[in-house]
Amino acid sequence: MSITQNQPEAGSALEPHGKPKRRFGTGRSEFVVVAVLYAVAILLTIGTVTMHVQGKSSPGPQFFPIIVCILLYLVATLLAIQILRSPQIPDNSIHPGHGQFSADMLHDLGHLGKEEAEAFDDAPSKTPAKTWKTYSDWRTVGLMLAGVVAFVALLEPLGWIISATILFWVVAYALGSHRRFFDIGVGLLFSSIIQLAFGAGLGLSLPSGFIGGIL
Amino acid sequence: MEQLELLMGGFASALTPINLLWVLIGALLGTAVGVLPGLGSAMAVALLLPVTFSLEPTAAFIMFAGIYFGGLFGDSTSGILLNTPGHSSAIASTFEGHRMAKSGQAAKALATCAIGAFIGGLIATTLVVFFAPTLVKMATVFGPAEYFALAVFAFLAISAVVSESVIRGIAALGIGLALALVGIDGPSGTARFTLGMPQLFDGISVIVITVGLLALGEVFHIASRIHRDPIATRIETKGRARLNLADFKKALPAWLRGTAFGAPFGLIPAGGAEVPTFLAYGTEKQLAKRRNDPDFGTTGSIHGLAAPEAAANATAGTAMGALLALGLPTSATAAIMLAAFQQYGMQPGPLLFERSGDLVWALLASLFIGLVILVMINIPFASVWAKLLSIPKHYLYAGITVFSMLGVYAVSSAVLDLWLLIAIGLVGFLMRRYNIPLAPVLIAVILGPMAETELRRALAVSEGNLGILIDSPITITLYLVLAAALALSAVQHLRHRASRKV
């Protein structure tokens, strides 16, 4: 919870699961972010070069994108270097708003000391009984992603009520609900109330799908 | 006292039965979203923003006033009862608040929060009423170079000065600026990065970006950890939240000190209430040491909770002033509010008071009404609100997912926006996973176009001479203050790194 704790760095040998083995990839999965940054930068570069410029204003529409491109290439490269030098290994505690604010700065401003660090220690233990291969639970995230993709694909053909019920059900299932039939009921109720309140009440246009054709 | 007259006019238009109903609905929804763990006031505004678009502007903004403060009233509840602050601005109030709850004073802690939020918000909003015209006058002397300097200041303050890692903060800023570039370029009419799709000519909707990053990204993040993170235990509260006169007298100076810390920070783009809440907490801690207060750090001191709570709301109150008068969003929540104005075709800033004066004063009056309603629904029913914490998480997040889809689709009725929402949601998940701050993205998306327009305008006037950017005392001051803040934060980063190595 750790506004009060320092992030464990690989150098401090603080392995979250107490496993000593460390390969090159450990704590360096953040290269995904570097890849995203480069991808955005390359897309911007292509877009800037191939832009059909209208008008003759100076500085023109390509001026600012060039600055943003340079910024992105620079920051992606710096981030890559930083990940290579000090990989970040996630611990298993909860971090509200972590990364948004410098923990060190807040630490100083709040004159935080041992008491605050201990405040969260009696909360549930930080080392879970079980260990996993990846920090993120990709099965749950994958299920959720499948749910939202299915929702968007089905929204117009099936209509709001049915597709929103499916989405609700999939998310609830992915997040660990065991009452499958009950969940369908809750989802149906939820999406119907939304349809009534926002569709009929506030006049938002929600697709009715094939049911609308039948009724 | 022209302002008082205008404010009375605002009250007159806000105090109709139907508008009172909107404030009440806004306050209820805002508190509910604020209480729910993990959802701060930024998410409350982002999730509920699209829904209000079917209302006429005055009603919508009146409802926003309720949501805006409502999210802040609720967000300490989960910190106090569960020891898991829902939002980073509630961390400082969690330290002493949870101690109070553990020693059987949960109801007192919740009441301290509610009254603290009320006092902080009230004083800050009053300040806004009296100083907004001054700010507007200040803003009218701003030219393109000054606005560009202000934007640069906001960008760097939020991404480099206050964030954990400067590189990650700037990376977030870059992503935001890139997203803001999509669409038709205003001055020249050139289509930029639209991939030839006419749907993208208006740019990527700010609603899609905020809902994707804050709501869907959060749900993905929760999903990635829900089966792995430990479950927090809740402390039960019984009865009404109440505060006796002795406690009230004890807390009053702390509330006022907190407000004094919070109010100025609303005007500085430092990302919201985190810095002032920690400052307020730190001060109370030092004072407790001097007074030999035995409660502080053991059974929980009412001072240590009251000050940060008032600071958080005071920041939110004056942030509204900076937003309305200067058009400068100083926190993620304010950035989303600015997006709401733009959605209605209004640009916050000096001209807003002239062009839509009625609406602005009705909004300010509703902020007062909202605060009164919030204190009325929070103190007697604090334990009812706490019941929201027992909603099973899978239903909560399923509901949020459905609601974010609803919001985005309701605004544009475009399936393309939903695909974009998923993509941005995944980016939001990655950013949470790797501790990359989100606020710089929002600030960049909102202020990016303004920064670009003003920079090009300034350079067009000077015919490409960069000197114009540092040509006036205002810009020089802004850049100097920024440089000093950057230097200070660099020193601090280095100092902590050195002490960690030892």
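Residues numbered from 1 in each chain as written. Chains lettered and ligands numbered in written order. Predicted model: local features only at pLDDT ≥ 70, side-chain atom pairs only at ≥ 80, totals over all residues. Heavy atoms only, no water.

*Asks:* Kindly report on the overall build of chain A, identifying the contributing residues and their values.
*Replies:* A count of helical and extended segments in chain A gives eight helices and zero strands. Starting at the N terminus, the α and β elements of chain A follow one another as α-α-α-α-α-α-α-α. Evaluated residue by residue, chain A yields a buried proportion of 40% over its 215 residues. Looking at chain A alone, contacts between residues at least 24 apart form 74% of all its contacts between residues at least 6 apart. Looking at chain A as shown, the accessible area adds up to about 11200 Å², and 67% of this sits on carbon and sulfur atoms. (Helix = DSSP H or I, 4+ residues; strand = E, 2+ residues; numbered from the N terminus. Buried < 20%, exposed > 50% of the residue type's maximum accessible area, 1.4 Å probe, protein only. Contact = heavy atoms within 4.5 Å. Areas by Shrake-Rupley, 256 points an atom, 1.4 Å probe, with all protein chains shown as cover.)

*Asks:* If you had to explain the overall build of chain B to someone new, which residues and values would you point to?
*Replies:* Summing up its helical and strand segments, chain B has 21 helices and two strands in all. Considering chain B as a whole, with its 502 residues, one finds that 68% of them fall into the buried category. A separation threshold of at least 6 residues defines the contact pool for chain B, and within that pool the share at least 24 residues apart is 79%. Surface exposure of chain B reaches about 16900 Å², of which carbon and sulfur atoms provide 67%.

*Asks:* How would you explain the packing of aromatic side chains if you had to name every residue and give the values?
*Replies:* Given two aromatic rings, one states the distance between the centres and the angle between the planes to describe the pair. A complete count under the given rule lists 17 aromatic pairs over all chains for this structure. Ring centres of Phe151(A) and Trp160(A) lie 5.9 Å apart, and the angle between their planes is 85 degrees; this geometry places the pair in the edge-to-face category. Look at Phe151(A) and you get buried, because its relative accessible area is 2%. Residue Trp160(A) is classed as buried on the basis of its relative accessible area, which comes to 1%. Between Phe95(B) and Tyr281(B) the ring centres are 5.1 Å apart and the planes differ by 50 degrees, which places this aromatic pair in the tilted class. Note that Phe95(B) is positioned in helix H6 (residues 91-102) and Tyr281(B) in helix H12 (residues 274-291), a separation of 186 residues in sequence. The class for Phe95(B) is buried, based on a relative accessible area of 2%. Taken together, Phe61(B), Phe64(B), Phe341(B) and Tyr344(B) form an aromatic cluster joined through their ring pairs. (Phe/Tyr/Trp six-rings, centres within 6.5 Å; stacked < 30°, edge-to-face > 60°.)

*Asks:* Before we move on, could you go through the environment of Ala362(B) and cite the residues and values that matter?
*Replies:* Residues and elements named next belong to chain B. Its place among the elements puts Ala-362 in helix H16 (residues 357-378). Here Ala-362 falls in the buried class, since its relative accessible area comes to 1%. Measuring from C-alpha to C-alpha, the distance between Ala-362 and Leu-15 comes to 9.1 Å, with 347 residues separating the pair along the chain. Filtering out sequence-adjacent residues up to four positions away, Ala-362 remains in contact with Gly-10, Ser-13, Ala-14, Thr-58 and Ile-62.

*Asks:* Tell me about unusual backbone geometry, and please be specific about residues and values.
*Replies:* All names here are of chain B. Notably, Phe-193 is not glycine yet its phi reads approximately 55 degrees, a positive angle. One can find Phe-193 in the loop between strand S2 (191-192) and helix H10 (206-225). When its relative accessible area of 14% is taken as the criterion, Phe-193 is described as buried.

*Asks:* Explain the interface of chain B and chain A residue by residue, including any values.
*Replies:* Across the contact, 96 residues belong to chain B and 104 residues belong to chain A. Together chain B and chain A conceal approximately 9100 Å² of surface at their shared face, both sides included; 70% is due to carbon and sulfur atoms. When the buried surface of chain B facing chain A is broken down by residue, Glu164(B), Arg228(B) and Tyr395(B) rank first, second and third, together holding 8% of it. At the boundary of chain B and chain A, one finds one salt bridge. Between Glu30(A) and Arg168(B) there is a salt bridge, and its shortest N-O distance comes to 2.7 Å. Viewed at the interface, chain A and chain B are joined by nine residue pairs in polar contact (both at pLDDT 80 or more). (Buried area = accessible area lost by both parts, 1.4 Å probe. Salt bridge = Lys/Arg side-chain N within 4 Å of Asp/Glu carboxyl O. Polar contact = N/O pair within 3.5 Å; in protein donor to acceptor, adjacent residues only side chain to side chain.)

*Asks:* Kindly report on the side chain of Ser191(A), identifying the contributing residues and their values.
*Replies:* All names here are of chain A. Within the secondary structure, Ser-191 sits in helix H7 (residues 180-201). A polar atom in the side chain of Ser-191 sits 3.3 Å from the backbone oxygen of Leu-188. Excluding its chain neighbours within four sequence positions, the residues that come into contact with Ser-191 are Trp-160, Ile-161, Ala-164 and Thr-165.

*Asks:* Now, about the pattern of salt bridges: what can you tell me, with residues and values included?
*Replies:* Where side chains of opposite charge bring their charged atoms close, a pairing between them can arise. All names here are of chain B. For the structure on display, the rule yields 10 salt bridges over all chains. Across the pair Arg-457 and Glu-454 runs a salt bridge, and its minimum N-O distance is 3.8 Å. Of this pair, Arg-457 and Glu-454 both sit in helix H20 (residues 439-461), three residues apart, which is roughly one turn of that helix. You can call Arg-457 partly exposed: its relative accessible area is 46%. By relative accessible area, which is 11% here, Glu-454 ends up buried. Taken together, the salt bridges that share partners define one network made up of Asp-185, Arg-192, Glu-452 and Arg-456.

*Asks:* Give me the lowdown on helix H13 (residues 302-326) of chain B, citing residues and values where you can.
*Replies:* All names here are of chain B. Between its first and last C-alpha atoms H13 spans 36 Å; for 25 residues at 1.5 Å apiece the expected length is 36 Å, and the two agree. Of all 25 residues that make up H13, 25 are buried, and the element is covered over most of its length. Positive backbone phi, at 75 degrees, marks Gly-327, one or two positions downstream of H13. (Expected span 1.5 Å × (residues − 1).)

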